[in-house]
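Now for the letters of each chain:
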Amino acid sequence: MLIVPEKEIGGLMTPDAAFDAIQAVFAAMDAGQAYNFPVVREAIGHQDALYGFKGGFDAAGLTLGLKAGGYWPNNATRNLINHQSTVFLFDADTGRVAAAVGGNLLTALRTAAASAVSIKYLAPKGAKVLGMIGAGHQSAFQMRAAARVQRFEKVIGWNPHPEMLTRLADTAAELGLPFEAVELDQLGTEADVIISITSAFSPLLLDGHVKGDTHIAAMGTDTKGKQELDPALVARAKLYTDEIAQSVSIGEFQHAIAAGLIEQDQITRLGAVINGADPGRDGAGLTIFDGTGVGLQDLAVAARVVKIAQEKGIALEVEV
Ligand code: NAD
C-alpha cells in the first residue's frame, strides 16, 4: 500500500485540484455513480473523544474507502490539533488496501472546495461582497477557496468571539481584499455571498438579517443539534445540499424539517446543478447550500493527492 504522510499534503494538494475533485464527485453522486455509506460517530467515553467513520464508493472514479477519525478536545495539551483523521483507500477490484493518507489538511481543503463549488454555481451574478460568519481554523480555507471562484471586492465578517476576527482580517489581506468587522444585520444586508462556519448550536443569522439576492454556504452544521441559520430564513430559500439524507438528519436543514417549515423534496443535490439537470438560482433571491461533509469528498481529495504523490515519487510504499 501507499502512504502519503500528513506533513506532505500541503506541498502536494492544490486548491484547484481539491475544487476539481469535489466538483466531479458531487456530479457523480447526483448521477447515481457514487454513494455514501451511513455515517458512524460515537462518543467513545475516553478523553471526551468523538470518533467515527465516513465512507463510500465512487464507481465513476473507482474510489472505495473511508475516513476514520474525529475530535479529541484535549489534544492541545499534547501539541496536536483537536480534529484528527486518516483516509484509507481500497482497490475496488480486489478489496486490497491501496493507500493511507493524512486527512487533517485534506478535510479543510475539501470542506472549502465544497462551498466554493456552491458559490461557482449559485452566487448571484456579479457578487462583490463576501460575508464570513466564523473565524476558526476552517474560516481561512473557506475564504481562500471562495476568492478563487468569484472576484470579490471586499470581505466583511462577524464572529461570536470577536478576538478571533484577526484571522479573517489577515486572510483577506493575504488575498489583497479589504476587510471590515460588522454586526450580523449589516453582514446580511451587504453581503452577496455568505459563508457560515462556526460550531453554533442555535441560530446566528436570522431571517430579518438577510436582504437582497444572496447565496449562503452553511458549512458549520455537521452534527445533530448544531445550527447556524434561522429556520425561517431556510424556509424562504431555494435549497441545495451535498447529500440529502445527511442534510435532513445532521445538516443545517434538520431544523426547518423538524419544524415542518420545509419538505425533503424541496432540497436539491448540488450535483444536479453541476450536471445541468437543475437550473440553479434561476431568478431565486436567496439560495442556501447546506454543506454537511460527506465521505466521498474525503475519498475524492485523498485519491487525487495519492495520484500527485505517485507522480512526484513522494508516496511511501509498504507491504501489508
Ligand atoms: P474552530 O474550533 O477552529 O472554530 C470554531 C468557530 O465556531 C469559531 O468561529 C468560534 O468562534 C465559533 N464557536 C465556537 N463555539 C461556538 C458556539 N457555542 N456558538 C457559536 N459559535 C461558536 O473550528 P473549525 O475547525 O473552524 O470548524 C468550524 C465548524 O465547522 C465546526 O463546527 C466543525 O465541526 C465544522 N466543520 C464542518 C465540516 C463540513 O464538511 N461541513 C468540515 C469541517 C468542519
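Residues numbered from 1 in each chain as written. Predicted model: local features only at pLDDT ≥ 70, side-chain atom pairs only at ≥ 80, totals over all residues. Heavy atoms only, no water.

Scanning the protein from N- to C-terminus turns up 11 helices and 18 strands. Computed over C-alpha atoms, the radius of gyration of the protein comes to 19 Å, within 12% of the 20 Å expected from 2.2 N^0.38 for 320 residues, which places it in the range of a compact globule. In terms of its C-alpha atoms, the protein occupies a principal-axis envelope of roughly 60 × 40 × 40 Å. Relative to its 320 residues, the protein shows a buried fraction of 53%. In the protein, 71% of the contacts between residues at least 6 apart in sequence involve partners at least 24 apart. A gap of 3 Å separates the mean positions of the 25 positive and 36 negative side-chain charges of the protein. (Helix = DSSP H or I, 4+ residues; strand = E, 2+ residues; numbered from the N terminus. Rg over C-alpha atoms; globule rule 2.2 N^0.38 Å. Buried < 20%, exposed > 50% of the residue type's maximum accessible area, 1.4 Å probe, protein only. Contact = heavy atoms within 4.5 Å. Lys, Arg positive; Asp, Glu negative; His and termini not counted. Charge placed at Lys NZ, Arg CZ, Asp CG, Glu CD.)

Size of an interface, as often reported, equals the accessible area lost when the parts are brought together. According to the domain assignment, the protein consists of domain 1 (2–107 + 296–317) and domain 2 (121–293). The centre of domain 1, based on its C-alpha atoms, is set 24 Å off from the matching centre of domain 2. Contacts between the two partners involve 16 residues from domain 1 and, on the opposite side, 18 residues from domain 2. At the boundary of domain 1 with domain 2, total buried surface from both sides reaches about 1,400 Å², with 55% on carbon and sulfur atoms. Counting every contact that joins domain 1 to domain 2 gives 2 salt bridges. Counting across the interface, domain 1 meets domain 2 through 7 residue pairs in polar contact (both at pLDDT 80 or more). Breaking the side of domain 1 that touches domain 2 down by element, the ones donating at least two residues are helix 2 (15–30) and helix 3 (104–122). (Domains from an automatic or database assignment. Buried area = accessible area lost by both parts, 1.4 Å probe. Salt bridge = Lys/Arg side-chain N within 4 Å of Asp/Glu carboxyl O. Polar contact = N/O pair within 3.5 Å; in protein donor to acceptor, adjacent residues only side chain to side chain.)

Let's shift gears to the site of the ligand. In the vicinity of the ligand there are 22 residues, among which Arg110, His137, Asn159, His161 and Lys226 approach most closely. At 2.8 Å, a side-chain N or O of Arg110 approaches an oxygen atom of the ligand. Burial of the ligand by the protein chains amounts to 80% of its free accessible area of 850 Å². Listed by contribution, the elements that provide at least two residues to the shell around the ligand are helix 3 and helix 4 (137–149). Of the residues belonging to the shell around the ligand, the class tally is 6 nonpolar, 13 polar and 3 charged. (Near = heavy atom within 4 Å. Areas by Shrake-Rupley, 256 points an atom, 1.4 Å probe, with all protein chains shown as cover. Nonpolar A, V, L, I, M, F, W, Y, C, P; charged D, E, K, R; others polar.)

Moving on: helix 3. Over its 19 residues, helix 3 extends 28 Å from the first C-alpha to the last, a length consistent with the 27 Å expected when each residue adds 1.5 Å. Where burial is concerned, most of helix 3 is hidden: 16 out of the 19 residues are buried. (Expected span 1.5 Å × (residues − 1).)

A separate point is the sheet that holds strand 17 (residues 286–290). Spatial ordering of the open sheet is given by 10-9-8-11-13-17-15-16, a layout of 8 strands whose pairing is parallel. Looking at strand neighbours, the two that pair on one side only are strand 10 (179–181) and strand 16 (267–269), the edges of this open sheet. Looking at each pair of strands side by side, their axes are set apart by 20 degrees on average, direction ignored. With 4 bridges joining them, strand 15 (residues 238–241) and strand 17 adopt parallel strand pairing. By the bridge assignment, Leu239 is partnered in strand 17 with Ile288. Each of strand 8 (129–133), strand 9 (154–158) and strand 10 is contacted by helix 5 (residues 166–174), which is oriented at about 165 degrees to strand 10, the strand it contacts most. (Pairing = 2+ DSSP bridges. Axes fitted to C-alpha atoms, helices over the stretch in contact; angles between N-to-C directions.)

Now for the confidence of the model for the protein. Confidence along the protein averages 96 in pLDDT terms, with 100% of residues attaining 70 or more. Reported confidence for the predicted complex is 0.99 by ipTM and 0.96 by pTM. (pLDDT = per-residue confidence, 0-100.)

Right, let's talk about the environment of Val320 for a bit. Position of Val320 relative to the elements: it lies in the segment after strand 18 (316–317). Val320 sits in the exposed class, given a relative accessible area of 70%. Taking C-alpha positions, Val320 is 9.3 Å from Arg96, a pair spaced 224 residues apart along the chain. Excluding residues that lie within four positions of it along the chain, Val320 makes contacts with Met1 and Val97.

Attention shifts here to the packing of helix 3 against helix 11 (residues 295–311). Put simply, helix 3 and helix 11 touch, their axes get as near as 9 Å, and they point 115 degrees apart. When you trace helix 3 past helix 11, the crossing you get is right-handed. For the pair formed by helix 3 and helix 11, the contact residues are Leu106, Thr107, Arg110, Thr111 and Ala114 on the first element and Gln297, Asp298, Val301, Ala302 and Val305 on the second. Looking at the contact of helix 3 with helix 11 residue by residue, the class counts come to 5 nonpolar, 3 polar and 2 charged. (Left-handed = near helix turned anticlockwise from the far one by under 90°.)

One non-glycine residue with positive phi stands out, namely Asp48, at about 55 degrees. Within the secondary structure layout, Asp48 lies in the loop between strand 3 (40–43) and strand 4 (50–58). Exposure remark for Asp48: the relative accessible area of 62% places this residue in the exposed category. Positive phi, close to 50 degrees, is recorded for Leu62, a residue that is not glycine. Position of Leu62 relative to the elements: it lies in the loop between strand 4 and strand 5 (63–71).

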